[in-house]
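Coordinate analysis (summary)
Next come the chains, spelled out residue by residue.
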Number of protein chains: 2
Amino acid sequence: MKTYIYKNLSEEEISSLTQRNIDQKQEIRTATEEILKEVSLRGDEALYELSSRFDRVELDTLTLDQDDIEGAAYSVPRERQRALEIAFQNIHRFHSTQNRRERKIETVPGVECWREIRPIDKVGLYVPGGSAVLPSTLLMLGVPARIAGCKEIVVCSPPQPTGTISPYLAYVLNLLKIDKVHLVGGAQAIAAMAYGTKSIPKVDKIFGPGNQYVTMAKTLIQSSTNVAIDMPAGPSEVLILASEEAKASYIAADLLAQAEHGPDSQSILVCTSVALIEKVKQEIQKQLQELPRAAIAEQALEHSYIVQVDSLEEGLEFSNLYAPEHLIIQSDRWREFVSRIQNAGSVFLGHLSPESAGDYASGTNHTLPTSSYAKSYSGVSVDSFVKKITFQHLNEEGVKHIGSTVEILAEIEGLDAHKKAMTLRMEDL
Amino acid sequence: MKTYIYKNLSEEEISSLTQRNIDQKQEIRTATEEILKEVSLRGDEALYELSSRFDRVELDTLTLDQDDIEGAAYSVPRERQRALEIAFQNIHRFHSTQNRRERKIETVPGVECWREIRPIDKVGLYVPGGSAVLPSTLLMLGVPARIAGCKEIVVCSPPQPTGTISPYLAYVLNLLKIDKVHLVGGAQAIAAMAYGTKSIPKVDKIFGPGNQYVTMAKTLIQSSTNVAIDMPAGPSEVLILASEEAKASYIAADLLAQAEHGPDSQSILVCTSVALIEKVKQEIQKQLQELPRAAIAEQALEHSYIVQVDSLEEGLEFSNLYAPEHLIIQSDRWREFVSRIQNAGSVFLGHLSPESAGDYASGTNHTLPTSSYAKSYSGVSVDSFVKKITFQHLNEEGVKHIGSTVEILAEIEGLDAHKKAMTLRMEDL
């Protein structure tokens, strides 16, 4: 990991360091467009073929029902069941605070305005992982969907080599009371939920992370159909802001936890202490030796870096420019910085709050904006599964109060029928 | 306007009636891509050229400052100033209820989680209209941006033939305390705010309606840069749900108010009474005769239609499938239906609440999801100008409570460094 000294960096260098690669490869686009076309034209037939081609599984069915799910869930050991349940409860508890009524107000006498929350009817959750299994992703999407009250929750996940789903996913489906799952992965799963096939219903909004093909499919769907997506997704990233009293072993572990995600992950350390930076580098080498996914982590560390700063204030300035998906503040002074954090997805405060706590069980969501999207996007929450409808009601008094204002504004904009619609009501008072 | 009888419609016919054209014309895409490329490569130079080509104005400057704005605002007559101020106040009053703190919770003892709201730093507002002037659009975007606390509010609007801006826009800029405006319209305005030029700053999120080129530019920007957009926008639409006691003249005026927007607008009447349907048709013909924009409205009415239903319940069923941008319920029984409205952008309740009230001055926002996007999107609000960051803090007790759950889930997912990050903390307790 290369170390930069913040005060020596030019504006251009900072801009280049905070830039993530959002290039879309043309070959990925072309291949994905082909998959979308296949699924939109040939539905289930295409899905069976693509499973055979990409997942190397010959499926008998694309859909597992309640019995299949319960059968699969059966083999989860008790201790692991318990861990999944605790995660479920904590995520449920935190997300339950997010769905709140708003009050009705009278903007002027006789004009009542308010918003009401409605669940998005049909949502599609994509849970990646053929060989790797990601029950936590299903928890992070399924819990807010349930709290929001979505009527139909469609889940797609690539089949295991055995043509079924992982017991852990099955167990979480049971916790979420979802009685069906579709064995489809990759871009074809996104296509199926966007267009609908015989086996898989069309949805209104698609959620979930995935590889470059999945991300490209979501982008293409968003710009060519009326199906919404949760957010654009890039490689995962962490920025750790640390002062001298932080522990090198914790920092190294947190950087490696991010790096082991994939070769394109980015782990960034922003630190006030030269001595600590050296210790962290040594700790990384030490911990790498015991890490099963060391090869992946090493690739990720190649395009990761360290920024040496004079103060935590300076470090936070850099962090706000970078807008990290995950921000960890390992400093005794973390309280002072909360209000100054402008751009970040999820923030982990103090020495005892590793990112993995939020990845799994603190209760916060781990589906977060990457690639500097934290400047404008929030992570997934109950908000992502609802929409808010505005309502207004005018009585006679209300028409008297705002009638002429509406008439004049319609006049200014040259929209006579807009004016007339109000004038007719005013005349009848 | 053709009349359909709901109970005689097949599922396919309903699906086709509720379908809006979201085809993107290849020629518009190609032309827009060309504009984006020009602006990204040549910045201001391209903007001057495009203004000359499309707006037929030779500009000396792309930016008007405080003095220019005050100069332009000066000519607004007092009565119209007052109307703009009342609209501003009502919109401000309603949107002020939307930005609320959330409470901190302990998901388990020692694990605190919460969300905090942060404004999006830099937002770009596009206000369309070269010949037509739309101060209401600037109000609808500027007020929530101000309430959210956005640091930099960039406004682009095409130049008037005189090379300046309309006095009405200038007056609203003053109300909003925005001291700069850029004379750029169309796809080039979107490009300028997405890439940044010498005169126009790059923003994090772009808002505002526009023609097909503007919409295409927003779509392309969203899928190729890290700049977000408010929502995809299609032609405007209204669905009026009316029972026999409704007034034909009000219904006709509301249908025409929508139809005068543009030839691609859609006005739909869903009505329980055959007699009322006939009266509305006659009223439309009568009101059309006095309407300056009759030619536009007539084109829009050609692809508008009427659905005759047996009950308001049936009508609401159709409305929820259509998911209208604007829904007007002209019935004495409107109260019964509020909770059953699932999909709509903004709803106008009762006989005295025309859409034009919400377009201008009731206080609600008029930037709303069209083309059935109301199934998954909300209209613009303060929410659109902020993001929510999640925070978590674990103390020793918190680590004791969820530590082993995190370890087990990391094990299930095969992410050893994730586990290690927690194990190291647990060992030190």
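Remember, predicted model here, so these are calculated numbers, not experimental data.

**Comments concerning the overall build of chain A**
Each helix and strand counted, chain A has 15 helices and 15 strands in total. Along the longest, intermediate and shortest principal axes, the C-alpha atoms of chain A span 85 × 60 × 45 Å. In chain A, which comprises 429 residues, the proportion classed as buried is 64%. For chain A, restricting intrachain contacts to residue pairs at least 6 apart in sequence, the fraction spanning at least 24 positions comes to 76%.

**Looking at the packing of helix H14 (residues 396-412) of chain A against helix H4 (residues 78-95) of chain B**
The interhelical angle for the contact between H14 of chain A and H4 of chain B, taken along N-to-C directions, is 115°, at an axis separation of 9 Å. Here H14 of chain A lies roughly perpendicular to H4 of chain B, going by the angle between them. The crossing of H14 of chain A and H4 of chain B is left-handed. In this structure, H14 of chain A uses Ile402, Thr405, Ile408, Leu409, Glu411 and Ile412 of chain A to contact H4 of chain B, whose residues at the interface are Glu79, Arg80, Ala83, Leu84, Ile86, Ala87 and Asn90 of chain B.

**Comments concerning the pairing of strand E15 (residues 386-394) of chain B**
All names here are of chain B. When you tally the buried positions in E15, you get 9 out of 9 residues, the bulk of the element. Where burial is concerned, the two faces of E15 agree: the one with Val386, Lys388, Thr390, Gln392 and Leu394 and the one with Lys387, Ile389, Phe391 and His393 are both buried. Pairing between strand E4 (residues 111-119) and E15: 9 bridges, direction antiparallel. From the neighbouring strand, Trp114 faces E15, where its bridge partner is Phe391.

**Points about unusual backbone geometry**
Here Ser371 of chain A, not a glycine, exhibits a phi torsion of approximately 55°, which is positive. With respect to the helices, strands and loops of the structure, Ser371 of chain A is situated in the loop between helix H13 (355-360) and strand E15 (386-394).

**Points about the interface of chain A and chain B**
Accessible area lost on assembly of the parts is the figure often given for the size of an interface. In this complex, chain A contributes 127 residues to the contact, which on the side of chain B involves 126 residues. Here chain A and chain B share an interface that buries about 11200 Å² over both sides, 57% of which is from carbon and sulfur atoms. Taken together, chain A and chain B are joined by 12 salt bridges. Two residues, Arg115 of chain B and Asp383 of chain A, come together in a salt bridge whose shortest N-O distance is 3.2 Å. Linking chain A with chain B are 74 residue pairs in polar contact (both at pLDDT 80 or more), by the criterion used here. The biggest single contributor to the side of chain A that touches chain B is H14 of chain A, with 10 residues.

**A closer look at the sheet that holds strand E14 (residues 346-349) of chain B**
Spatially, E3(A)-E4(A)-E15(A)-E14(B)-E13(B)-E10(B)-E11(B)-E12(B)-E1(B) is the arrangement adopted by the 9 strands of the open sheet, whose pairing is mixed. Edge positions in the sheet fall to strand E3 (105-108) of chain A together with strand E1 (2-5) of chain B, since each of these pairs with one other strand and no more. For this sheet, the mean inter-axis angle between neighbouring strands, taken without regard to orientation, is 20°. As defined by bridge partners, strand E13 (residues 326-330) of chain B adjoins E14 of chain B across 4 bridges and the pair is classed as parallel. For Ile329 of chain B, the partnering residue across the bridge sits in E14 of chain B and is Leu349 of chain B.

**Things to note about the pattern of salt bridges**
Where side chains of opposite charge bring their charged atoms close, a pairing between them can arise. Residues and elements named next belong to chain A. Per the counting criterion, the structure on display carries 48 salt bridges over all chains. The partner of Lys388 in a salt bridge is Glu102, and the shortest N-O contact between them spans 3.7 Å. Linking Lys388 in strand E15 with Glu102 in the loop between helix H4 (78-95) and E3, this pair joins segments that are 286 residues apart in sequence. Each member of the pair, Lys388 as well as Glu102, carries the same accessibility label: buried.

Definitions and limits used
Residues numbered from 1 in each chain as written. Chains lettered and ligands numbered in written order. Predicted model: local features only at pLDDT ≥ 70, side-chain atom pairs only at ≥ 80, totals over all residues. Heavy atoms only, no water. Helix = DSSP H or I, 4+ residues; strand = E, 2+ residues; numbered from the N terminus. Buried < 20%, exposed > 50% of the residue type's maximum accessible area, 1.4 Å probe, protein only. Contact = heavy atoms within 4.5 Å. Axes fitted to C-alpha atoms, helices over the stretch in contact; angles between N-to-C directions. Parallel < 35°, antiparallel > 145°, perpendicular 65-115°, else oblique. Left-handed = near helix turned anticlockwise from the far one by under 90°. Pairing = 2+ DSSP bridges. Buried area = accessible area lost by both parts, 1.4 Å probe. Salt bridge = Lys/Arg side-chain N within 4 Å of Asp/Glu carboxyl O. Polar contact = N/O pair within 3.5 Å; in protein donor to acceptor, adjacent residues only side chain to side chain.

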